[in-house]
Structures are given as C-alpha cells and as structure tokens.
Amino acid sequence: MRHPEEVVRVSNLTVRYPGNAAPALSNVDLTLETGECVIVSGPSGCGKSTLALCLTGFIPHAIDAAMTGSVRVGGLDPRQVGVYNLAEFVGLVQQDPEAQFCTMRVEDEVAFGPENLLCPADEIARRVDWALDAVSSSHLRMRRLAELSGGEKQRVALAAVLAMRPSVLILDEPTAHLDPRATGALVHLLGEMQSQLGLAIMVLEHRPERFFGIAHRVVQLSDGTVVFNGPPREALGRADGADALTPRARAGPRPGTETITGIEPGHGSCPHLGPPDHGSPDPGSLRSLPGPGLHAWSRPDPDWRPGGPEFRPGPDHNFARPPGHDLPPSALSDDLRSSSHSGSGPGAGRSARPFAKLACGSGKGCARDYTLDNPLLRVCDLTQRYPDRAVLQEVSLVVGRGEIVGIMGDNGSGKTTLLLSIMGVLRPASGRIILDGDDITNVPVSARARRIGMIFQNPNHQLFTDHVWREVVVGPLSQGVPEAVCRPAAEALLDRFDLVAFRDSHPLTLSYGQKRRVNLAAVMVSDPSVLLLDEPFVGQDAARAQDLARLLGELASAGKGILLVGHEPDLMSRCCDRLLFLDGGRVIVDAPVCEALADFERMGLHDYLPQAWA
Amino acid sequence: MITCPKPGLNPLSKLVLLVSFCVLALRAESPGHAAVPCGAVLLAHAAIGLPPAILWRRLRGIAVFALVLFLSQLFLTGGGAPWGVRAASGVRMAMRFLNIILGSHLFVSTTSAEDLAYTLMRLGLSYRYGFTLLIAMRFVPYFRLQSNTVLQAQMVRGIGVDRPSIKGVWCMARYTLVPLVVTALGRVESLAISMEGRCFGLHPRRTFLRTVPFRPVDALIIAGAIAVVGAAAAIL
C-alpha cells in the first residue's frame, strides 16, 4: 500500500486584491495528502475561490493580487512556475460545467487538455478512455455536450480535467447546478475516484454536509481565515459548516399562530426534523410597509393608514390571520407521521384530517383532497408541451394564503416550466389557472405581473436598469403607474431589505445576496398575492439561504402564497409547509412536509430526504 | 482513431466547391448563364432533403432583397440605357446575389462548424483562430437561451414585451443588453480559466485526436472544381 504523500502545503498564506483593504485570505495554513478529501467551506466571499486560484496559479499570474506566505503544489511554487506547469499537478473544476466547455462533443472536450500538451493521438485516445471510464461515462463519448443532463455535464467536466492526469483535484461548488439525485451520484463518484485513483480532492462547498460521507477533513474559512480544521463529525456542530442543518427560523409567526416568540418552522412539529428554532426575530423585520396595497404584509390592523405611526409588533402581539383564510394544520402529530408510514400509499396519513374538496370546474382531475378551504392559487390539469414531448402532464396544485409550497424533482422534470406556465410566459396546451377565484388562464403576462411575482434563478437576469431605485420601480412605471404612487411602497421595501444605502448604486455592483433582495423588492413593489421562486437558494451560502428563507416566512406570514422550486432537501423541508414532487411532468407527491418526506422515503427518493430525516 | 461521425465530403472539398461556385456565379454575364448555377444549387438543396417550404421561409428575406436589387437596377441606374439593358443588368445583379447566398446556405446546411474548424486547423490554420470559431459557435445557443430568459424576466416584471408597441420594443432592447453582457462576461472568465488550466496556448502548435476523413472522392472534387473554374475563365 502506498503511503500518503503531501501534495499541497500552504503556510501562512495571505492574499490581498488591489484596492481592497481587507485581505481575501489571511495567514492560511493547509495541507492535503494523496487519497485525502478535504472540504473547504464557509460563507460566500470567505476566500474559498481565492484559495483555489492560488493553488492553480491563476493568482498571481492571471489575476492581479499580492500573495505572501508559502504555497507548494506537488513541490512546485505556483508563483514561480505559472499556470501551465501546474496544470499537470492540479486540476480545477468550476461551478458551472457548461461554462467551461470549449468544444461541441464529449470526446473533443476530454481530449482538449492532452492535445494542448502535444500528446500523440494514441496517447490522447488512451487518456480519453481512462478519464471517461473513471467518471463512469464511457457511453457518453460520442454525444454532443448540448444534449447532456446537468449531472452528465459535471462528469464530463471532471473527465476533461482528469485527462490531464493531475494529482490534486479541486472542485468549486460542484453541486450548485445539480439536483439531489445527481449530487448523490457525484459524491459517490468522487469517493470512488479518491479510493481507486489515490487523488487528493479538495471540494469548495457552501454546504459541506453533502460530502461528509467521503471527507477526511473539513476546513472552515471565515473572512479569509481558517476557523476550523478537523474531522467532519466535529464540524457538524459548528455554525458556518452546518447551519444548513439548523431548523429554519421563520422571522414572524404565520397567520393563525398565537405569539410572536413562537417562531414556527414550516414543518411545524414534525418529529423527524428536530425542534423548531425559537430564536428571537428581528423586530425591525416585521415592521409594516407604508404604502398602498402593502399593508397586508405583516400588518394585521385593518384601520392602518399611510402616514400613521410605525407599527412594531410587541412581544405579545397576536397576528391575526386574514379573515376567511384558513391555513392547513402546520403541525403533524407523531400519530399522523406513523400513519403515513404505515399507510398503503401516498396520502394515507392525510385521511386523518378533514378535507375540503376543490372543484376547479374542469370536471376532471382536479377533484383532489386538499386541506385548504379557500386557496389563493389553483392550477387545474395543466398540460404543457414542447414540440417533441409533453413537459407537464395534467398538473394540479393549490397554494393557500400564507402557505409556502415547495416543488422538488430532478432536473428536467418540469419545475421551471410549471412556474413559467403559471406566470403566463408559456401558454399551456390545456388546463386552467385560477387566482383568488379569477380564471387568469388567458390573461397576458403583463397583467398577471400585478398579482403574481416571479423570481428567476440567476439574479443578474432580472437586473435591467442602472440604479437600484429605478430597478425597484421599473415594473410599475412600465405599466403606467406614476412614480409618486409607487414611491412609498418602494421606499419601504428598500428600507425593509436594507437597500437604502445602495439606492443610487448600480444593481450589478451589489453582492449576490443584495441582488437577490433587489429582485425581491422589485417584485414586491406591485404587492403580488402569489410569489413564484425558481431555485432562489442556488449559489447562496447557508446564512444567506436562511436569510432568504426568513424573508419568505415573513411574506407568508403576511398572507402571500409562495411556490418555491428548490433542490436543497434540508432548506426545503424546513422552509415549506407542503412539498410537491414532479417526475416526468407529473405530480407524484403532494403532501405536507412530513408526509411528503415519508412518501419520498417509500418511493426510494432518498437523495431528496433531509439529513435530519435520516 | 476517431473519425468524423457523419460520412460525407470533407469540409475542405465543400469549401473549394463553394469558392468555385461563387467564382462561376460572379463571372456569369447573361441571365441564362446565371440561371444555370442557380438551378444547380436549388437542385442540391433538394438533394440534401431540405423541403422547398423551409428553404423559402429561411431565405424569403433574401429573395425580397434580390428583388429590390433588380428594381433598383431597372429604375435607378442606367443613365438613359434601354430598358432591356437595364433589366438584364438587374437580373444579373440579383442572380449573383442569390447564387452566392444560396451556395453559402447549402455549405452551412451540410457542414458542421467543428468539422470545418478542425479541418482548417489540421491544414495549418492557427489553432487559436480555429477555437475562436468553435467557441463562437458554442456561444450562439447560449446567447439565444440567455436572451430568452432575460426577455421572460422582463415579461414577469410587467415590462410590456408581450404588448406589441414601439415603446415595448424600445424597453426590450434597452433592458436586454445589460443582463446579457454581464452573464456573457462571467462565462468568458470561466472559459478562460478552464482553457488555460488545460494548457491552451502552452505550445505554438497542438495535436488533435479528431480526424476528418479526406477520401479520394474529395481529391477528385477539388480537382474537378478547379478545372471547371479554369475552363470557365477561359471560355466566358
């Protein structure tokens, strides 16, 4: 057996970008041995990517930054040898596999590196065979890259780097674009590569717990400094590394709950997801938003008028539920969960509660049992087709007032198409969409936008203007609403989302989390009753994701209905009241969180179960 | 050894054919001479299985422009020349234009950009230029997808791109450019790191795994095309 050999040694590394007072990395010490897997975690901006760029030589050769301290990769100093000479020792797989491809076919992409090294054709062919075999993707060899799934692209990106025969593999947020099933497969694959090839693997991850099964060590960075370096089990209890595992803290109570101090996670008292977080909410987060149409948000007082005294909920304030808007029971009893386990199929546990049947008027398909008497949004038998296939097949769902409904499913299962169809961007082949009693199936998007807000996955796609204020009001202005009318609401939103200081800043200069908040403010300024969010947690570290979840909780508390697409089982199960699972364009699970998770387990969808469930 | 997955002519042969065709089309003086290559290229379109309806849909704008060329020759030029001369000149101009576009369309329809790029790189074109072509081809669908997403994002904000109006078009153009450029720049950075991290640019030359077959028929076609062009130059 080969003895582990140290392949990376970083000593006292400090990196400072020009113009930045604070160093991106500060006195970092780190080692990596052959066959070792180290997870480097920490919030966005903590220096993970900077570390990767130092180890691969891009800093300082391609990216200007001042480096002090010592870095050795395979015995070489990146500062002296440069990117090219390091490329055969260390390979970097970036976050988005699609963005790093430079050819059209799998074989060409994997061969790209060896070709640049002037390898003869037969040697290149051997390396391509080996690399594709190492990632279990030999069958993809002649496929076009554009035809591959997200997981397949990630494997090809890995193979393309492996073909350089590196000793060290660095993966930067490798699961950001993968669904839980593909994530599980990738982790398994990395485990095999590590044990069989003896590679040293460094994974840079916001949510390290996904890799704890194969990790030897976890290194946590905070503000460029190593704050923890130890085995995964010790990292579990630490805030930065494991805060995705902590229960969701909903900043305000849901309509119908009794006290402000009882922060209630979406799953209520589901026994398998741990106790709810009873941390104190930020009182400021619940302040009312003065402005037309926005008083429903966090403001139960029907007599409230603009210009009145600012509302701050007291510690014993009771939040009233919007009249006539009954919510589903948020807490599931132990009995209920056990009945869902012992039941004969999905929904067995649901019979324990009184249901109200919804009639959508279509006369078919929609006669399902729901716990909602008066849903805000109803989708009935929605079918959506692309020229070659049906993407959604008779999808029916409801979203109640104050309810957060999560949609999960593999990539390509139709989640985004469902949101775009509800929004009206895509015209459905059949089916109906009913919003608050009105059939909006044929209403144009611009009109729907006043009642439904949608947030896309990439915040940059929704930033159109040159300063934040304009960004927030551009929607209403485009619809002919005078700025004076939307100004109070917009100003309140800037205040609420901590964006006042950036009012005149260019939106694209903001941080990722700030951009997300600008997106949310720009949508909320029209005071929509329903919010659709497409994978809003992608690319966000645990703290930011929790912030966003808290914001969504506040919105739900104000009676908004929220339909949330996401891949993160832990966050989704804690953020949502109900989970749907889409498979091949069909809803195969639609149940409150605990029952849905039991259904996932029964159906073998283990990758979609939160860790706390296990 | 891996070869071009689709059997067919080598892209180099097709390129030589295209150039020869364009030379012939440009040298054709009479409408009758110009109609010959036009008919030939239309037949070739039929031979590759492209339905006339699709061809018309793709090229109707070109046909309209050819008509404009003909009419402008007929009415706006000539300086007192007889109508017949002006009409012949107009037909010649329009046919030249149509022939070059039709020939190029046939070439693009039957040749993959990657095969062409790899062929040219193997013939000595600097691989930096070859990969510029390949990467540009990769960016085309990406830009289409991104611009579609940005337009959808505008629609859901109530920016009236679903309402046909001058203001709507203005808003669409104004609000599409910035997000598109920003996402493209992010992608360029990732691509540069990916390529340099795999030693792109390390050596002045590089090796290739992919080969695009060059068969005897390709040699015959190239020789034939050159001969025809030479003969036409001598005769016409």
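Residues numbered from 1 in each chain as written. Chains lettered and ligands numbered in written order. Predicted model: local features only at pLDDT ≥ 70, side-chain atom pairs only at ≥ 80, totals over all residues. Heavy atoms only, no water.

Caption draft 1: Structural context of the nonpolar core. Residue and element names in this part refer to chain A. With 53 residues, the main nonpolar core has Leu520, Phe537, Ile562, Leu564, Leu579 and Phe600 as its most contacted residues. Per-element tally for this core: the top contributor is helix H16 (residues 542-557), with seven residues. Ile562 has contacts with Val399, Glu403, Ile404, Val405, Leu531, Leu533, Leu552, Leu555 and Ala556, leaving out every residue within four places of it along the chain. Within the second largest apolar cluster, 49 residues are counted, among which are Ala111, Ile124, Leu132 and Leu145. (Core = buried A, V, L, I, M, F, W, Y, C linked by side-chain atoms within 4.5 Å. Buried < 20%, exposed > 50% of the residue type's maximum accessible area, 1.4 Å probe, protein only. Helix = DSSP H or I, 4+ residues; strand = E, 2+ residues; numbered from the N terminus. Contact = heavy atoms within 4.5 Å.)

Caption draft 2: Here's a closer look at empty space enclosed by the protein. Under the counting rule described, the total for this entry stands at six cavities of 30 Å³ or more. When its volume is computed, the largest cavity comes out at roughly 160 Å³. Forming the walls of the largest cavity are 18 residues, and the residues nearest its centre are Leu92(A), Val161(A), Ser194(B), Gly197(B) and Arg198(B). Classifying every residue of the lining of the largest cavity gives eleven nonpolar, five polar and two charged. (1 Å grid on protein atoms, 1.4 Å probe; cavity = no way out; pocket = protein on both sides within 12 Å on 5 of 7 lines; lining within 4 Å. Points joined across faces, edges and corners; volume = space filled by probe spheres on them. Nonpolar A, V, L, I, M, F, W, Y, C, P; charged D, E, K, R; others polar.)

Caption draft 3: Up close: the interface of chain B and chain A. Contacts between chain B and chain A engage 50 residues on the former and 63 residues on the latter. Sorting the residues of chain B by area buried against chain A places Arg138(B), Arg157(B) and Arg198(B) first, and these three jointly supply 17% of that buried surface. In this structure, the salt-bridge partner of Glu471(A) is Arg157(B), at a minimum N-O distance of 2.9 Å. Here chain B is connected to chain A by 22 residue pairs in polar contact (both at pLDDT 80 or more). Breaking the side of chain B that touches chain A down by element, the ones donating at least two residues are helix H5 (113-122), helix H6 (127-156) and helix H7 (166-196) of chain B. Broken down by element, the side of chain B that touches chain A gets its largest block of residues, 14 residues, from H7(B). Classifying every residue of the side of chain B that touches chain A by side-chain character gives 25 nonpolar, twelve polar and 13 charged. (Buried area = accessible area lost by both parts, 1.4 Å probe. Salt bridge = Lys/Arg side-chain N within 4 Å of Asp/Glu carboxyl O. Polar contact = N/O pair within 3.5 Å; in protein donor to acceptor, adjacent residues only side chain to side chain.)

Take it as geometry only, folks, not as evidence of what the structure does.
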